Amino acid sequence: MPEKSEASHAYIGFIRPFSEDAIAVKVVRALDRDLPVQVDAGRLDVSESDAPPLPFEKLLTRTALPFLVLALEFSDSRRPRTYLVDPPMVPRVSDCEHLRLDKCITVNGVVLPALCVYSGSLLKFTGDRTHVEQVLDQTAIYLAKYLVWLRTRRLYRRTATGIELVRERRTGEQAIAAALQRSNDLFWRGYWPGTCAPSSPAGHLATIRPENECWCWSGKCYGECCRDEDQKRERAVRAAPFVNRLMAAVRSKI
Ligand SMILES: [Zn+2]
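Note that the structure is predicted; figures quoted are calculated from it, not measured. (Residues numbered from 1 in each chain as written. Predicted model: local features only at pLDDT ≥ 70, side-chain atom pairs only at ≥ 80, totals over all residues. Heavy atoms only, no water.)

J.: Just give me the short version of the nonpolar core, but keep the residues and values in it.
T.: By size, the foremost hydrophobic cluster in this structure holds 51 residues, and its most contacted members are Leu44, Tyr142 and Tyr146. If you list the elements that add at least two residues to this core, you get α1 (21–32), β4 (67–73), β5 (81–86), β6 (99–107), β7 (110–115), α2 (131–152) and β10 (186–189). By residue number, the principal contributor to this core is α2, which donates eleven residues. Filtering out sequence-adjacent residues up to four positions away, Tyr146 remains in contact with Phe67, Leu84, Met89, Ser94, Cys96 and Trp192. In terms of nonpolar packing, the next biggest core, distinct from the first, is built from six residues, Cys214, Trp215, Cys216 and Tyr222 among them. (Core = buried A, V, L, I, M, F, W, Y, C linked by side-chain atoms within 4.5 Å. Buried < 20%, exposed > 50% of the residue type's maximum accessible area, 1.4 Å probe, protein only. Helix = DSSP H or I, 4+ residues; strand = E, 2+ residues; numbered from the N terminus. Contact = heavy atoms within 4.5 Å.)

This is the structure in C-alpha coordinates:
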(Lines give C-alpha, C1' and ligand atoms only; values in the text may rest on other atoms or scores of the structure.)
Protein backbone atom coordinates (compact mmCIF):
# COMPACT_ATOMS: atom_id res chain seq x y z
CA MET A 1 0.00 0.00 0.00
CA PRO A 2 1.52 3.39 -0.93
CA GLU A 3 2.36 5.59 2.03
CA LYS A 4 -0.50 7.86 3.19
CA SER A 5 -2.74 6.50 0.45
CA GLU A 6 -6.45 6.50 1.23
CA ALA A 7 -6.83 3.30 -0.76
CA SER A 8 -8.44 0.29 0.88
CA HIS A 9 -6.79 -2.34 -1.34
CA ALA A 10 -3.69 -2.39 -3.52
CA TYR A 11 -2.89 -4.89 -6.25
CA ILE A 12 0.39 -5.16 -8.12
CA GLY A 13 1.10 -7.35 -11.10
CA PHE A 14 2.26 -7.57 -14.69
CA ILE A 15 0.12 -6.72 -17.71
CA ARG A 16 1.51 -7.75 -21.08
CA PRO A 17 -0.99 -6.47 -23.67
CA PHE A 18 0.64 -8.20 -26.65
CA SER A 19 2.00 -11.74 -26.89
CA GLU A 20 3.68 -11.12 -30.26
CA ASP A 21 4.11 -8.43 -32.91
CA ALA A 22 1.74 -10.04 -35.45
CA ILE A 23 -1.14 -9.90 -32.96
CA ALA A 24 -0.15 -6.37 -31.93
CA VAL A 25 -0.60 -5.21 -35.54
CA LYS A 26 -4.08 -6.78 -35.75
CA VAL A 27 -5.16 -5.33 -32.40
CA VAL A 28 -3.82 -1.83 -33.12
CA ARG A 29 -5.75 -1.74 -36.43
CA ALA A 30 -8.91 -2.44 -34.40
CA LEU A 31 -8.03 0.04 -31.63
CA ASP A 32 -7.41 2.75 -34.18
CA ARG A 33 -11.00 2.38 -35.39
CA ASP A 34 -12.41 1.97 -31.86
CA LEU A 35 -13.52 -1.56 -32.74
CA PRO A 36 -13.99 -4.00 -29.83
CA VAL A 37 -10.98 -6.05 -28.71
CA GLN A 38 -10.92 -9.03 -26.36
CA VAL A 39 -8.98 -8.75 -23.12
CA ASP A 40 -8.10 -11.99 -21.36
CA ALA A 41 -5.82 -11.82 -18.32
CA GLY A 42 -4.44 -8.51 -19.60
CA ARG A 43 -3.70 -9.95 -23.07
CA LEU A 44 -5.36 -8.35 -26.09
CA ASP A 45 -6.66 -10.11 -29.18
CA VAL A 46 -9.20 -9.45 -31.86
CA SER A 47 -11.40 -11.68 -33.97
CA GLU A 48 -11.08 -11.29 -37.70
CA SER A 49 -11.68 -7.70 -38.70
CA ASP A 50 -11.30 -5.89 -41.98
CA ALA A 51 -9.72 -2.77 -40.46
CA PRO A 52 -7.21 -1.44 -42.99
CA PRO A 53 -3.41 -1.43 -42.43
CA LEU A 54 -1.83 1.57 -40.70
CA PRO A 55 1.16 3.47 -42.12
CA PHE A 56 3.41 2.92 -39.06
CA GLU A 57 3.01 -0.86 -38.70
CA LYS A 58 6.68 -1.55 -39.43
CA LEU A 59 7.49 0.31 -36.20
CA LEU A 60 5.43 -2.12 -34.11
CA THR A 61 8.33 -4.32 -33.03
CA ARG A 62 9.28 -5.66 -29.59
CA THR A 63 5.66 -5.28 -28.52
CA ALA A 64 5.57 -8.30 -26.17
CA LEU A 65 6.56 -5.97 -23.35
CA PRO A 66 5.38 -6.57 -19.75
CA PHE A 67 4.29 -3.58 -17.66
CA LEU A 68 4.29 -3.66 -13.86
CA VAL A 69 1.05 -2.02 -12.79
CA LEU A 70 -0.27 -0.93 -9.41
CA ALA A 71 -4.06 -0.76 -8.95
CA LEU A 72 -5.66 1.00 -6.00
CA GLU A 73 -9.19 0.44 -4.83
CA PHE A 74 -11.14 2.71 -2.49
CA SER A 75 -13.81 1.76 -0.02
CA ASP A 76 -15.91 4.86 -0.77
CA SER A 77 -17.45 5.54 -4.18
CA ARG A 78 -14.25 6.61 -5.90
CA ARG A 79 -13.22 4.49 -8.86
CA PRO A 80 -10.13 2.26 -8.86
CA ARG A 81 -6.99 3.87 -10.27
CA THR A 82 -3.99 2.31 -11.98
CA TYR A 83 -0.34 3.40 -12.04
CA LEU A 84 2.59 2.28 -14.20
CA VAL A 85 5.49 1.22 -11.96
CA ASP A 86 7.86 -0.29 -14.51
CA PRO A 87 9.07 0.64 -17.06
CA PRO A 88 8.50 4.06 -15.49
CA MET A 89 7.06 6.96 -17.43
CA VAL A 90 9.95 9.36 -17.06
CA PRO A 91 8.89 13.01 -17.40
CA ARG A 92 9.92 14.40 -20.81
CA VAL A 93 11.57 11.12 -21.77
CA SER A 94 8.83 8.53 -21.93
CA ASP A 95 5.72 10.09 -20.39
CA CYS A 96 2.79 10.37 -22.75
CA GLU A 97 0.16 13.08 -22.49
CA HIS A 98 -2.66 10.83 -21.26
CA LEU A 99 -2.01 11.04 -17.53
CA ARG A 100 -4.01 12.16 -14.51
CA LEU A 101 -1.46 14.45 -12.88
CA ASP A 102 -4.16 15.45 -10.38
CA LYS A 103 -4.19 11.87 -9.03
CA CYS A 104 -0.47 11.34 -8.38
CA ILE A 105 0.78 9.09 -5.58
CA THR A 106 4.28 8.68 -4.13
CA VAL A 107 5.76 5.19 -3.83
CA ASN A 108 9.26 4.85 -2.32
CA GLY A 109 9.91 8.53 -3.10
CA VAL A 110 8.85 8.19 -6.74
CA VAL A 111 5.88 10.24 -7.92
CA LEU A 112 3.55 8.18 -10.10
CA PRO A 113 0.75 9.92 -12.05
CA ALA A 114 -2.44 7.90 -12.47
CA LEU A 115 -3.03 6.51 -15.94
CA CYS A 116 -5.94 8.20 -17.71
CA VAL A 117 -7.44 4.84 -18.64
CA TYR A 118 -11.08 5.70 -19.04
CA SER A 119 -13.70 8.38 -19.05
CA GLY A 120 -17.22 7.98 -17.72
CA SER A 121 -18.47 9.02 -21.15
CA LEU A 122 -16.52 6.24 -22.90
CA LEU A 123 -16.49 3.27 -20.52
CA LYS A 124 -19.60 1.99 -18.80
CA PHE A 125 -19.00 -0.41 -15.93
CA THR A 126 -21.07 -3.57 -16.10
CA GLY A 127 -22.41 -5.45 -13.10
CA ASP A 128 -20.93 -8.89 -13.72
CA ARG A 129 -17.33 -8.18 -12.69
CA THR A 130 -15.64 -6.00 -10.08
CA HIS A 131 -14.71 -2.43 -10.99
CA VAL A 132 -11.03 -3.13 -10.43
CA GLU A 133 -11.14 -6.06 -12.91
CA GLN A 134 -12.79 -3.82 -15.50
CA VAL A 135 -10.31 -0.99 -14.87
CA LEU A 136 -7.43 -3.47 -15.29
CA ASP A 137 -8.87 -4.59 -18.66
CA GLN A 138 -9.12 -0.94 -19.67
CA THR A 139 -5.54 -0.44 -18.43
CA ALA A 140 -4.37 -3.25 -20.75
CA ILE A 141 -5.96 -1.37 -23.68
CA TYR A 142 -4.39 1.89 -22.46
CA LEU A 143 -0.93 0.24 -22.23
CA ALA A 144 -1.33 -1.15 -25.76
CA LYS A 145 -2.00 2.41 -26.99
CA TYR A 146 0.93 3.72 -24.93
CA LEU A 147 3.21 1.14 -26.59
CA VAL A 148 2.11 2.45 -29.99
CA TRP A 149 2.85 5.98 -28.76
CA LEU A 150 6.33 4.88 -27.62
CA ARG A 151 7.10 3.13 -30.89
CA THR A 152 5.84 5.94 -33.16
CA ARG A 153 7.07 9.00 -31.29
CA ARG A 154 9.16 11.62 -32.97
CA LEU A 155 11.26 14.34 -31.38
CA TYR A 156 10.17 17.95 -31.98
CA ARG A 157 11.48 21.36 -31.03
CA ARG A 158 9.44 24.46 -30.22
CA THR A 159 10.82 27.46 -32.08
CA ALA A 160 9.84 31.12 -32.38
CA THR A 161 8.03 30.33 -35.61
CA GLY A 162 6.36 27.07 -34.64
CA ILE A 163 7.27 23.43 -34.20
CA GLU A 164 10.01 21.65 -36.13
CA LEU A 165 10.81 17.96 -36.42
CA VAL A 166 14.20 17.07 -34.92
CA ARG A 167 14.27 13.29 -35.28
CA GLU A 168 12.21 11.13 -37.58
CA ARG A 169 10.85 7.98 -35.97
CA ARG A 170 12.97 4.91 -36.54
CA THR A 171 12.44 1.27 -35.76
CA GLY A 172 13.81 0.48 -32.32
CA GLU A 173 14.72 4.08 -31.47
CA GLN A 174 15.47 4.77 -27.82
CA ALA A 175 14.77 8.08 -26.08
CA ILE A 176 17.77 10.36 -25.69
CA ALA A 177 17.47 11.68 -22.17
CA ALA A 178 20.57 13.89 -22.26
CA ALA A 179 19.41 15.85 -25.30
CA LEU A 180 16.04 16.42 -23.68
CA GLN A 181 17.63 17.56 -20.42
CA ARG A 182 19.67 20.17 -22.30
CA SER A 183 16.67 21.84 -23.89
CA ASN A 184 13.19 22.49 -22.56
CA ASP A 185 12.09 23.14 -26.13
CA LEU A 186 12.43 19.49 -27.12
CA PHE A 187 9.47 17.18 -26.74
CA TRP A 188 8.22 13.84 -28.03
CA ARG A 189 4.96 13.36 -29.82
CA GLY A 190 3.66 9.93 -30.81
CA TYR A 191 0.55 8.43 -32.30
CA TRP A 192 -2.31 7.47 -29.94
CA PRO A 193 -4.66 5.06 -31.73
CA GLY A 194 -8.39 5.48 -31.28
CA THR A 195 -10.30 7.52 -28.77
CA CYS A 196 -8.77 9.15 -25.72
CA ALA A 197 -10.65 10.75 -22.86
CA PRO A 198 -11.35 14.49 -23.28
CA SER A 199 -9.23 16.57 -20.91
CA SER A 200 -10.51 20.16 -20.91
CA PRO A 201 -13.66 21.79 -19.48
CA ALA A 202 -14.94 22.29 -23.05
CA GLY A 203 -14.17 18.64 -23.88
CA HIS A 204 -15.89 17.40 -20.72
CA LEU A 205 -18.98 19.56 -21.34
CA ALA A 206 -19.20 18.40 -24.95
CA THR A 207 -18.90 14.67 -24.25
CA ILE A 208 -20.15 13.89 -20.73
CA ARG A 209 -23.87 14.00 -20.09
CA PRO A 210 -25.00 15.21 -16.65
CA GLU A 211 -26.19 11.69 -15.74
CA ASN A 212 -22.87 10.07 -16.83
CA GLU A 213 -20.06 9.36 -14.41
CA CYS A 214 -17.86 12.37 -13.67
CA TRP A 215 -14.40 12.54 -15.23
CA CYS A 216 -12.80 13.12 -11.80
CA TRP A 217 -13.42 9.46 -10.82
CA SER A 218 -15.45 10.39 -7.75
CA GLY A 219 -18.03 7.86 -8.90
CA LYS A 220 -20.74 10.58 -8.78
CA CYS A 221 -22.80 11.85 -11.73
CA TYR A 222 -21.12 14.64 -13.68
CA GLY A 223 -24.14 16.92 -13.10
CA GLU A 224 -23.75 16.53 -9.33
CA CYS A 225 -19.96 16.78 -9.30
CA CYS A 226 -17.63 18.84 -11.51
CA ARG A 227 -20.06 20.13 -14.17
CA ASP A 228 -20.68 23.52 -12.48
CA GLU A 229 -16.94 24.05 -12.03
CA ASP A 230 -16.28 23.10 -15.68
CA GLN A 231 -18.94 25.58 -16.82
CA LYS A 232 -17.31 28.32 -14.72
CA ARG A 233 -13.86 27.52 -16.11
CA GLU A 234 -15.19 27.36 -19.66
CA ARG A 235 -16.90 30.77 -19.22
CA ALA A 236 -13.62 32.19 -17.84
CA VAL A 237 -11.74 30.86 -20.89
CA ARG A 238 -14.29 32.45 -23.24
CA ALA A 239 -13.95 35.80 -21.44
CA ALA A 240 -10.13 35.65 -21.52
CA PRO A 241 -8.03 37.44 -24.13
CA PHE A 242 -7.27 35.59 -27.36
CA VAL A 243 -3.76 34.46 -26.32
CA ASN A 244 -5.10 32.80 -23.16
CA ARG A 245 -7.79 31.02 -25.17
CA LEU A 246 -5.14 29.81 -27.59
CA MET A 247 -2.97 28.51 -24.75
CA ALA A 248 -5.95 26.72 -23.18
CA ALA A 249 -6.73 25.10 -26.52
CA VAL A 250 -3.11 23.99 -26.94
CA ARG A 251 -2.99 22.63 -23.38
CA SER A 252 -6.16 20.63 -23.92
CA LYS A 253 -4.45 18.90 -26.86
CA ILE A 254 -1.21 17.94 -25.09
ZN1 LIG B 1 -16.19 15.23 -10.43
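J.: Which residues make up the coordination of the zinc ion, and what values do they have?
T.: In this structure, Cys214 (SG), Cys216 (SG), Cys225 (SG) and Cys226 (SG) serve as the protein donors to the zinc ion, at separations of 2.2 to 2.4 Å. Classification of the site at the zinc ion as tetrahedral follows from its four donor atoms and the range of 103 to 116° in their angles at the metal. Binding-site remark: the zinc ion is held by donors from one chain whose sequence spacing is C-x1-C-x8-C-C. With Cys216 in the loop between α4 (201–207) and α5 (227–239) and Cys226 in the loop between α4 and α5, this residue pair connects regions lying ten residues apart in the sequence. Accessibility assignment for this pair places Cys216 and Cys226 in one class, buried. (Donors = N, O, S within 2.8 Å, 3.2 Å for Na, K, Ca; no water. Tetrahedral: all angles 85-135°; square planar, octahedral: opposite > 155°, others 65-115°.)

J.: Describe in detail the pairing of strand β8 (residues 154–159), supporting the description with residues and values.
T.: As paired strands, β8 and β10 are joined by four bridges and run antiparallel to one another. By the bridge assignment, Arg154 is partnered in β10 with Arg189. Relative to strand β9 (residues 162–167), β8 is paired through five bridges, and the arrangement is antiparallel. Bridging from a neighbouring strand, Tyr156 pairs with Leu165 of β9. (Pairing = 2+ DSSP bridges.)

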